[in-house]
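What follows is each chain in one-letter form.
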Amino acid sequence: MPVVGFTLAKAFGFTGELAAGCVLVGSVAGGTASNVLVYACGSDKDGAVRLRGPDARLVDSQVRNCKLWSGSAGILMITEGLADRVTLGSCSGTYGNTTSTALLLNGTNAVCRNCLLVGNSDSGGAATAVKPAVRVTKGVLENCTVVGNNGGTSSCGGIYVAADADAIVRNCISVGNVATLGETTKNAQLADGASVSHCCSPDLENGVNGNVSADPQFQTVNGFAYGFRSTSPCFSAGEKLDWMKGALDYLGQPRLVNAPEIGCFESQVKGFMLMLK
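This report concerns the structure included in the present document. (Residues numbered from 1 in each chain as written. Predicted model: local features only at pLDDT ≥ 70, side-chain atom pairs only at ≥ 80, totals over all residues. Heavy atoms only, no water.)

**Focus on the sheet that holds strand β3 (residues 42-43)**
Ordered in space as β3-β5-β7-β10, the four strands form an open sheet in which the pairing is parallel. The sheet is open, and its two borders are formed by β3 and β10 (121-122), each paired with just one other strand. Here strand β5 (residues 67-68) pairs with strand β7 (residues 92-93) via two bridges, running parallel. When the sheet's bridge partners are listed, L68 is paired in β7 with G93. (Pairing = 2+ DSSP bridges. Helix = DSSP H or I, 4+ residues; strand = E, 2+ residues; numbered from the N terminus.)

**Describing unusual backbone geometry**
A positive phi angle, near 60°, is found at S90, a position not held by glycine. Mapped onto the secondary structure, S90 falls in the loop between β6 (76-89) and β7. One non-glycine residue with positive phi stands out, namely N171, at about 60°. Residue position: N171 is located in the loop between β14 (167-170) and β15 (173-175). For N171, a relative accessible area of 0% gives the class buried. (Buried < 20%, exposed > 50% of the residue type's maximum accessible area, 1.4 Å probe, protein only.)

**Re the side chain of S197**
With respect to the secondary-structure elements, S197 resides in the loop between β16 (188-190) and β17 (219-221). Leave out the neighbours within four places in its chain, and S197 touches V169, R170, N171, N209, N211 and E239. (Contact = heavy atoms within 4.5 Å.)

**Some points on the pairing of strand β18 (residues 224-227)**
Along any regular strand, the residues point their side chains to alternate faces of the sheet. Here two bridges tie β17 to β18, and the two strands are oriented antiparallel to one another. Residue pairing across strands places Q219 opposite G227, the latter belonging to β18. Between the antiparallel neighbours β17 and β18 lie two residues, among them N222 with a positive phi of about 55°.

**Describing the pattern of salt bridges**
Overall, the coordinates contain six salt bridges when judged by the stated rule. One salt bridge connects E142 with R113, and the closest N-O pair in it is separated by 2.8 Å. Residue E142 is located in strand β11 (residues 134-142), and its partner R113 is located in strand β8 (residues 103-113); the two are separated by 29 residues in the primary sequence. The class for E142 is buried, based on a relative accessible area of 1%. (Salt bridge = Lys/Arg side-chain N within 4 Å of Asp/Glu carboxyl O.)

**A few points about the nonpolar core**
Ranked by size, the top nonpolar core spans 38 residues in total, and within it L76, I78, L103, C112, L117, V134 and L141 carry the most contacts. Listed by contribution, the elements that provide at least two residues to this core are β4 (49-64), β6, β8, β11, β13 (159-161) and β14. When near neighbours in sequence (up to four residues on either side) are disregarded, L103 contacts G74, L76, I78, L88, C112, L117, A133, V134, R135 and L141. (Core = buried A, V, L, I, M, F, W, Y, C linked by side-chain atoms within 4.5 Å.)

Encoded structure:
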């Protein structure tokens, strides 16, 4: 849609290379955006940042300090496409009907992996059942770490999973999230009939579908606060998936070293074999 690109360039007063870039991006149906910083933007619609095409990619990027207003769901909304190695941090919902603060997956081919969602919050006054950092209505959330989010006046601040066969959550950590309604499922709330696998959260039943309910034992590794060592219950406890071969974790490290980890971080500790004769 080059006309859309041209219109946006005119609206924002872009000239020269910036205007040409807008027209160029508007001329393709999909593409990859990498090393992008989305900062202090706002939206009164679902998704201040949207991925909605088969070739849409957001990679190695930061989405921070953004705000949602009336009836919004997800600063980042994916109906089709991939978010990989993205940070969603310190974003907030300011309206009582916000249904997710940072991320909404709402399409069968929507995928978010190797991402960190931290410090997002809802400050809307009205009490609603669920205002998590992440809502998975349809799509795949895998190898993400969701930590330190606040669901405000709701029952969940972490991950909410709908009862849909196309709502898939695996290899994720959701801990340290809070909300003020109810006494349970602050970190991981599953609708009746929903399930997750190989995830770490105190709200999950330990050992069922490969899930872990124990503390992930976060340690700072290479400056990253949500890494861990081989003593963590998340170490080599993830499900090995086809996309992992040759892939990178949140820090840009090889995803497969041993069996994959749960969460966005992959420990680079290699196993060894000791043979005695």
